[in-house]
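Results of the structural survey
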Amino acid sequence: MDLADAALVRVAERDSLTRIFTLDRRHFSVYRPGRRRRFAVLPA
């Protein structure tokens, strides 16, 4: 996890977001915000 990924995951946890806009699908398919389900990565 790099700094940009960590920042997005932290903001998503803080604001209870489940959708992330990123082109980095490989990493964000693994991350789980607050031990919940995976992120819905946009664009699909």
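The sections below set out a description of the structure shown in this document. (Residues numbered from 1 in each chain as written. Predicted model: local features only at pLDDT ≥ 70, side-chain atom pairs only at ≥ 80, totals over all residues. Heavy atoms only, no water.)

Quick look at the overall build of the chain now. Along the backbone of the chain there are two helices and two strands. For the chain, the succession of helices and strands along the chain, N to C, is α-β-α-β. Viewed in the frame of its principal axes, the chain has a C-alpha envelope of about 20 × 20 × 15 Å. For the chain, with 44 residues in total, the buried portion stands at 23%. Contacts spanning at least 24 positions in sequence make up 10% of the contacts within the chain whose residues lie at least 6 apart. For the chain, the exposed area adds up to about 3,600 Å²; of that, 56% sits on carbon and sulfur atoms. (Helix = DSSP H or I, 4+ residues; strand = E, 2+ residues; numbered from the N terminus. Buried < 20%, exposed > 50% of the residue type's maximum accessible area, 1.4 Å probe, protein only. Contact = heavy atoms within 4.5 Å. Areas by Shrake-Rupley, 256 points an atom, 1.4 Å probe, with all protein chains shown as cover.)

Let us look at unusual backbone geometry. A cis amide bond links Leu42 with the next residue in sequence, Pro43, at an omega value of -5°. The residue Pro43 is located in the segment after strand 2 (40-42) in this model. The phi dihedral of Ser16 falls on the positive side, at around 55°, and the residue is not glycine. Within the secondary structure layout, Ser16 lies in the loop between helix 1 (3-14) and strand 1 (19-21).

Scope: geometric values only; no functional claims are made or implied.
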